Amino acid sequence: MPAFPSRQLGLAFDLRGCPSACRHCYLGSAVAPYVPQDEMEPLTEQFRQYRRDGEEGAYFARISVASWFHEPDYAPNYRELRTLEERLSGGEAPPREYLSTWRLAREPEYAAWARSVGLETCRLSFYGVGETHNWFARRKGAYEDHLAALPRMLDAGIAPAIQVFLTRKSLPELGKLMHALEELRLPERTEALGKPFVLFLRTPMPTGDARRIEYLRPTLEEVEGCIPEPLVESSRRHRQVNELWQTEAEWCRQAAARPETFPSAHPEPEEVWFLVSGRFDVYPNMGTLEPWWKLGNLKRQSVAALVEAYETNRPMGLAVNYGVSARQLVERTGRPESRRIYDSLSDLLSLYLARWCEKS
């Protein structure tokens, strides 16, 4: 594992969790306990005071702090937490691309506040319409919340970026979803803000909870000719690809011919973040909250031990990512005859890495 880029680190604390428990979430369901708010500052200070042997001064040149890593602003004192994030981050809260759709649907002033602190674009995810969407979110009324959130965002000057997850359950409903979005006049209203309208389709990344819904992943034959062409075209434009996905068989063929380059499955993040759960377990943002990614526990290990675990690939997830080739992952856990579709080779290899870790 390379050293921290520019010696910068992000710390994200799970202070509130999430109102939903989405079945595609790579972080898994958010469950109590949560990090107490008064723990954020002293825990951050531990990282701020971290020094390397033989070096003068703090090791990290900059530390960014967030009070969430599931849904933002779900805590009722979200404005206070934003101010705390700014202070602990040295004057500027970390940028974001999400808002709480739960709060957007319930608090009319929330969207205007989000715009006032600099948010210009917000990503929303749809899993189908009505009860299909609610089933994926594991929350009654989640679909209605999304439809209520969109006009409030636009009224406040925030442009939506909508991603639609493609599964066997959502595939028959794509036409209905497009119609529902068209009724809200999203393209015209977004362009009136001087922003392009973003709408794209993707398959769930098969990590975390999403591994449990792999049975809903369609085959290439199941999707051919069944997706509205405007959605196909807008997805190609946004993702800047001609082919939105390929079969598992084709990705396996490409992986088998790939040079032994590392990391093999999970790309290195542009910014390194440590995610701190309510039990004070620490995970790198390269992977999930599954046990093979755990760096340690902030109450039982020192910052030095956590940093060393990250840099020496001590967790099995990091060790496999930097020590097992794509070809080996395919040979041990792949299904080279499968016609299921995946957006990218790295998506598929992340699934193989999880299987490898489970079997080891």
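Provided above is the structure to which this section pertains.
Computed from a prediction, not measured in an experiment: that's the story for all the values here.

Reading the values: rules and limits
The numbers attached to residues start from 1 for each chain and follow its sequence in the written order. Local features in this predicted model are restricted to residues whose pLDDT is 70 or higher, and side-chain atom pairs enter the listing and the counts only when it is 80 or higher, whereas totals over whole chains, interfaces and linings include all residues. Where side-chain values are given, they derive from all heavy atoms of the structure, hydrogens and water being excluded. Put simply, DSSP marks the helices as runs of H or I at least four residues long and the strands as runs of E at least two long, and each gets a number from the N terminus on. Each radius of gyration reported is based on C-alpha atoms, and the globular scaling rule is 2.2 Å times the count of residues to the power 0.38. We call two residues in contact whenever any of their non-hydrogen atoms come within 4.5 Å of each other. Here the open area of atoms and residues is found with the Shrake-Rupley method and a 1.4 Å probe, where only the protein chains shown may cover a residue. Counted as positive: Lys and Arg. Counted as negative: Asp and Glu, with His and the chain ends omitted from the count. Working definition for charges: the position is that of NZ of Lys, CZ of Arg, CG of Asp or CD of Glu. By salt bridge we mean one thing: a side-chain nitrogen of Lys or Arg within 4 Å of a carboxyl oxygen of Asp or Glu. When accessible area is computed with a 1.4 Å probe and restricted to protein chains, residues below 20% of their type maximum are described as buried, those above 50% as exposed, and intermediate ones as partly exposed. Here, a strand pair is defined by DSSP locating no fewer than two bridges between the strands. Pairing of aromatic rings covers Phe, Tyr and Trp, the last through its six-membered ring, and needs centres within 6.5 Å; plane angles under 30 degrees mean stacked, over 60 mean edge-to-face, and all others mean tilted. In the analysis that follows, any N or O atom pair within 3.5 Å is treated as a polar contact, provided that within protein one partner can donate a hydrogen and the other can accept it, and provided that, for residues neighboring in sequence, both atoms belong to side chains. Orientation is described by axes fitted as lines to C-alpha atoms, over the contacting stretch for helices, and by angles from 0 to 180 degrees between their N-to-C directions. Here the word oblique covers every angle except those under 35 degrees (roughly parallel), over 145 (roughly antiparallel) and from 65 to 115 (roughly perpendicular). Should the near helix be turned anticlockwise from the far one by less than a right angle, the crossing is left-handed, and should it be turned clockwise, the crossing is right-handed. Residues are grouped as follows: nonpolar covers Ala, Val, Leu, Ile, Met, Phe, Trp, Tyr, Cys and Pro; charged covers Asp, Glu, Lys and Arg; every other residue, Gly included, is treated as polar. Residues belong to one nonpolar core when they are buried, are Ala, Val, Leu, Ile, Met, Phe, Trp, Tyr or Cys, and are joined through side-chain atoms within 4.5 Å.

A. Looking closely at the overall build of the protein chain. In terms of helices and strands, the protein chain carries 15 helices and ten strands. A compact globule built from 360 residues would reach a C-alpha radius of gyration of about 21 Å, and the protein chain, at 21 Å, matches this within 12%. Over its C-alpha atoms, taken along the principal directions, the protein chain stretches across nearly 60 × 55 × 35 Å. Across the protein chain, contacts joining residues at least 24 apart in sequence account for 74% of those joining residues at least 6 apart. Accessible surface, the protein chain: about 16,000 Å² in total, of which carbon and sulfur atoms supply 49%. Seen as two clouds, the 46 positive and the 50 negative side-chain charges of the protein chain have centres 3 Å apart.

B. The arrangement of the pattern of salt bridges in detail. All chains considered together, the criterion is met by 30 salt bridges. Taking the shortest distance from any N to any O, the salt bridge between K195 and E120 comes out at 2.8 Å. Taken together, the positions of K195 in the loop between α8 (186-192) and β5 (198-202) and E120 in the loop between α4 (110-116) and β3 (121-126) put the pair 75 residues apart, joining distant regions of the chain. For E120, a relative accessible area of 35% gives the class partly exposed.

C. How the structure looks around the sheet that holds strand β9 (residues 296-297). Pairing in this open sheet of five strands is mixed, and the strands run β2-β1-β7-β8-β9 from one edge to the other. If you trace the sheet from one side to the other, it starts and ends with β2 (62-66) and β9, each paired once. Where strand β8 (residues 281-284) meets β9, two bridges bridge the pair, whose relative direction is antiparallel. Bridge pairing links V282 to G296 in β9.

D. Local environment of the packing of aromatic side chains. Under the counting rule described, the total for this entry stands at 17 aromatic pairs. Residues F4 and F60 carry aromatic rings whose centres are separated by 5.1 Å and whose planes lie at 90° to one another, so their mutual orientation is edge-to-face. Note that F4 is positioned in the segment before β1 (8-13) and F60 in the loop between α1 (40-48) and β2, a separation of 56 residues in sequence. For F4, a relative accessible area of 4% puts it in the buried group. Given the relative accessible area of 7%, F60 is considered buried.

E. Quick peek at the environment of W273. Mapped onto the secondary structure, W273 falls in strand β7 (residues 273-276). Assessed through its relative accessible area of 15%, W273 is described here as buried. It is 21 Å that separates the C-alpha atoms of W273 and A32, two residues lying 241 residues apart in sequence. Non-local contacts of W273, meaning those with residues more than four positions away in its chain, are made with L9, G10, L11, A12, S64, V65, A66, P94, Y283, P284 and N285. At 3.4 Å, the side chain of W273 forms a polar contact with the side chain of E271.

F. Examining the packing of α1 against helix α2 (residues 78-88) more closely. Where α1 meets α2, the axes come as close as 11 Å, and the angle between the chain directions of the two elements is 20°. In terms of orientation, α1 and α2 fall into the roughly parallel class. Classified by chirality, the crossing of α2 by α1 is right-handed. Contacts from M40, E41, T44 and R48 of α1 reach α2 at L84, R87 and L88. Tallied by class, residues from the contact of α1 with α2 come to three nonpolar, one polar and three charged.

G. Structural detail: the sheet that holds strand β4 (residues 159-165). Strand order across the open sheet formed by three strands is β3-β4-β5, with parallel pairing between neighbours. At either end of the open sheet lies a strand with only one pairing partner, and these are β3 and β5. Averaged over all pairs of adjacent strands, the angle between their axes in this sheet comes to 20°, without regard to strand direction. Where β3 meets β4, six bridges bridge the pair, whose relative direction is parallel. Residue pairing in the sheet places L124 in a bridge with I162 of β4. Those strands touched by helix α6 (residues 142-155) are β3 and β4, and its axis lies near 160° from that of β3.

H. Spotlight on the pairing of β7. Neither face of β7 is exposed, since W273 and L275 on one face and F274 and V276 on the opposite face are all buried. Relative to β7, β1 is paired through four bridges, and the arrangement is parallel. Bridge pairing in β7 links F13 to V276. Inspection of the sheet shows β7 paired to β8 by three bridges, in the antiparallel sense. Paired with V276 across the strands is V282, a residue of β8. Hairpin geometry of β7 and β8 is characterised by an intervening segment of four residues between the two adjacent antiparallel strands and by a positive phi of about 70° at F280.

I. Inspection of the nonpolar core at higher detail. Core analysis: the largest hydrophobic core is formed by 55 residues, its most contacted members being F4, F13, F47, F60, F274 and L298. Here this core takes nine residues from helix α15 (residues 345-359), the largest share from any one element. Once residues lying within four places of it in the same chain are set aside, the contact partners of F47 are L9, L11, F60, I63, F274, L298, V303 and L306. Ranked by size, the runner-up nonpolar core spans 37 residues in total, among them W113, C122, M153 and L177.

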